[in-house]
Amino acid sequence: MFTAMLAAFIGGIILNFMPCVFPVISLKALGLLRHTDNATHARREGIGFLLGVVVAMMALAGLLLAARAGGAAVGWGFQLQSPLVIALLALIILAAALNLLGVFEVGLAAQRVGALEINRGAFLRSALTGALAIVVATPCAAPFMASAIGYALVQPPTVALAIFFALALGFAAPFTLLSLFPHLARFLPRPGAWMDTLKRGLAFPMFGAYAWLLWVLAQQAGSSALATLLAGSVVLAFASWLYGMAQHRHMAGKGYKGLYGVTALLVMAVLAPLPTMLKQQETQTVGAGASSAKAVWTPQAVAAQRGHGKPIFVDFTAAWCITCQVNEKTSLSTPAVKAALAKSGALYMVADSTKFNPDVEDAMSEFGQGGLPMYLVYPADGGPPKVLPQVLTPAIVVNALEAASRKT
């Protein structure tokens, strides 16, 4: 248990540097830079972020454990298999980007319009940033994380929650330590008017995350669902603009309640139809990066092909798994790996979990992996498979294929 907690803590630290967390890094950095000259406010930011991370992680872990107790075979990032969750997350990310651009402000009543020195409301804003960071981080699985989560999912709930708590502490540790010990951040630039330009510029990584979520939704539920979300996004952006105008009118002592009411109606008009309009549709996709040279994985297909003199490489992936996409571009699609596949005559199979696939979840549980990606290499002689690391390099894949080819 303590080994798994240590692995989870280290994995949480590494998770900060995974590509899925990059969009929220801007929010964390902005909060830290805002208070580098005020130790009290910096500590408030850090504690708020830590609390948001822990609460969100425990809630997510509780849902995961409850789903598994109910008989569902789900793992880390399971909520991203739902088009509705993807749509809601995309709208939240869009709203965050519009907030960074200054279309509206969070807690404007507690501050002077346009002021950068935001003191009141900082704790809640930091907590919400921490919660959002956890949700955005679920498409990635850092080194050490998969084995720790896989272990947690087969343990009693108290042990599992302790491991997820360690993961949350590791994820929050770098930012929280900088906030609790401001002297560690003494080399950072002091707050100033330049931060307003930085704040607006940092909206664009959020727009990038929003665009990625649109692509994932299209993979899951088709073009009709994408059109629904795009229409909702336009309405949400308009509502955000109205909300910003209402805030400014409120601060100026003018009438504003009507604008707030219209904003609320527009937001409800966006959210209310989503559950029925985003029903998961059958699509013909076979997985991220799949091509005609790649076979669709099933347990039966692997059983039929094992031990026939050729290695089998199985890529457990999903459109929403950013680590999977990075590995695809940096390793699996490189000339060296393609040459090794051709030389070994390996059969390349794709196990797609973009939408819920209980066979994929069962396979990951069988090999003690709590989340995607997972890569298996079956030797040519039909022996037990080798589980590759979650962060690949071409050399790792080439060496595994060569070793699998020799076992004949």
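Residues numbered from 1 in each chain as written. Predicted model: local features only at pLDDT ≥ 70, side-chain atom pairs only at ≥ 80, totals over all residues. Heavy atoms only, no water.

## Some words on a nonpolar patch on the surface
Here is step 1: On the surface, L6, F9, I10, F144, F165 and L169 cluster together into a nonpolar patch covering about 490 Å² of accessible area.
Here is step 2: Secondary-structure elements contributing two or more residues to the nonpolar patch are helix 1 (2-15) and helix 7 (157-180).
Here is step 3: If one sorts the elements of the nonpolar patch by residue count, helix 1 sits on top with 3 residues. (Patch = residues over 30% accessible without salt bridge, like charges linked within 9 Å, V, L, I, M, F, W, Y side chains within 5 Å. Areas by Shrake-Rupley, 256 points an atom, 1.4 Å probe, with all protein chains shown as cover. Salt bridge = Lys/Arg side-chain N within 4 Å of Asp/Glu carboxyl O. Helix = DSSP H or I, 4+ residues; strand = E, 2+ residues; numbered from the N terminus.)

## Some words on the pairing of strand 2 (residues 312-317)
Here is step 1: The buried count for strand 2 comes to 6 of 6 residues, which makes it a mostly enclosed element.
Here is step 2: With burial as the criterion, each face of strand 2 is covered, one bearing I312, V314 and F316 and the other bearing F313, D315 and T317.
Here is step 3: One ladder, built from 5 bridges, connects strand 2 with strand 4 (residues 374-378); its direction is antiparallel. Within the sheet, the bridge partner assigned to V314 lies in strand 4 and is L376. (Buried < 20%, exposed > 50% of the residue type's maximum accessible area, 1.4 Å probe, protein only. Pairing = 2+ DSSP bridges.)

## As for the UniProt feature "transmembrane region" (unreviewed entry) in the chain
Here is step 1: UniProt's entry tags residues 6-25, 46-66, 86-110, 131-153, 159-181, 202-218, 224-246 and 258-278 with the feature "transmembrane region" (unreviewed entry), counted in the numbering of this structure.
Here is step 2: End C-alpha to end C-alpha, residues 159-181 measures 31 Å, and it is 96% helix and 0% strand.
Here is step 3: Secondary structure over residues 224-246 splits into 100% helix and 0% strand, and the C-alpha atoms at its two ends are 33 Å apart. (UniProt positions renumbered as here; feature names shortened; annotations may be inferred.)

## With respect to the packing of helix 6 (residues 145-152) against helix 7
Here is step 1: Remark: helix 6 packs on helix 7, axes separated minimally by 8 Å, with the N-to-C direction vectors making an angle of 155°. By the criterion of interaxial angle, the relationship of helix 6 to helix 7 is roughly antiparallel. Note on packing geometry: the crossing formed by helix 6 with helix 7 is left-handed. Residues M145, A148, I149, Y151 and A152 of helix 6 lie in contact with helix 7, whose contacting residues are V159, A160, I163, F164 and L167. (Axes fitted to C-alpha atoms, helices over the stretch in contact; angles between N-to-C directions. Parallel < 35°, antiparallel > 145°, perpendicular 65-115°, else oblique. Left-handed = near helix turned anticlockwise from the far one by under 90°. Contact = heavy atoms within 4.5 Å.)

## Some remarks on the state of the cysteines
In protein structure, a disulfide is the covalent linkage between the sulfur atoms of two cysteines.
Here is step 1: In this structure the tally under the stated criterion is 1 disulfide.
Here is step 2: Residue C321 pairs covalently with C324 via a disulfide, S to S 2.2 Å. The disulfide joining C321 to C324 has a torsion of about 80° about its S-S bond and is therefore right-handed.
Here is step 3: On the basis of relative accessibility, which here comes to 3%, the residue C324 falls in the buried class. (Disulfide = S-S within 2.5 Å.)

## With respect to the pairing of strand 3 (residues 347-352)
Here is step 1: Most of strand 3 sits inside the fold, with 5 of its 6 residues counted as buried.
Here is step 2: Of the pairings in the sheet, the one linking strand 2 to strand 3 comprises 6 bridges and is parallel in character. Along strand 3, the bridge assignment pairs V314 with M349.

## Quick look at the sheet that holds strand 2
Here is step 1: Spatial strand order, 1-3-2-4-5: 5 strands in an open sheet with mixed pairing. In the strand order of this sheet, the two ends are held by strand 1 (295-296) and strand 5 (386-388), each with one partner.
Here is step 2: Two elements, strand 1 and strand 3, share 2 bridges in a ladder whose sense is parallel. Across the sheet, the residue bridging to V296 is V350, located in strand 3.

## What to know about the packing of helix 1 against helix 6
Here is step 1: Contact geometry for helix 1 and helix 6: axes closest at 8 Å, N-to-C directions at 135°. Classified by the interaxial angle, the pair formed by helix 1 and helix 6 is oblique. Both helix 1 and helix 6 take part in a crossing whose hand is left-handed. Only M145, A148 and Y151 of helix 6 make contact with helix 1, whose side of the interface consists of A4, A7, A8, G11, G12 and L15.
Here is step 2: The class makeup of the residues in the contact of helix 1 with helix 6 is 7 nonpolar, 2 polar and no charged. (Nonpolar A, V, L, I, M, F, W, Y, C, P; charged D, E, K, R; others polar.)

## Re helix 4 (residues 83-100)
Here is step 1: Taking 1.5 Å of rise per residue, 18 residues should cover 26 Å, and helix 4 covers 26 Å from first to last C-alpha, within 8% of that figure.
Here is step 2: Of all the 18 residues making up helix 4, 14 are buried; the element is thus mostly covered by neighbouring parts of the structure. (Expected span 1.5 Å × (residues − 1).)

## Quick notes on the nonpolar core
Here is step 1: Ranked by internal contacts, the top residues of the largest apolar core, which has 87 residues, are I93, F164, F171, W297, V314 and F316.
Here is step 2: Setting aside residues up to four positions removed in sequence, W297 forms contacts with V302, V314, F316, M349, V350, A351, D359, V360 and A363.
Here is step 3: The next biggest cluster of nonpolar side chains, apart from the first, holds 17 residues, and it includes V350, Y375, L388 and L392. (Core = buried A, V, L, I, M, F, W, Y, C linked by side-chain atoms within 4.5 Å.)

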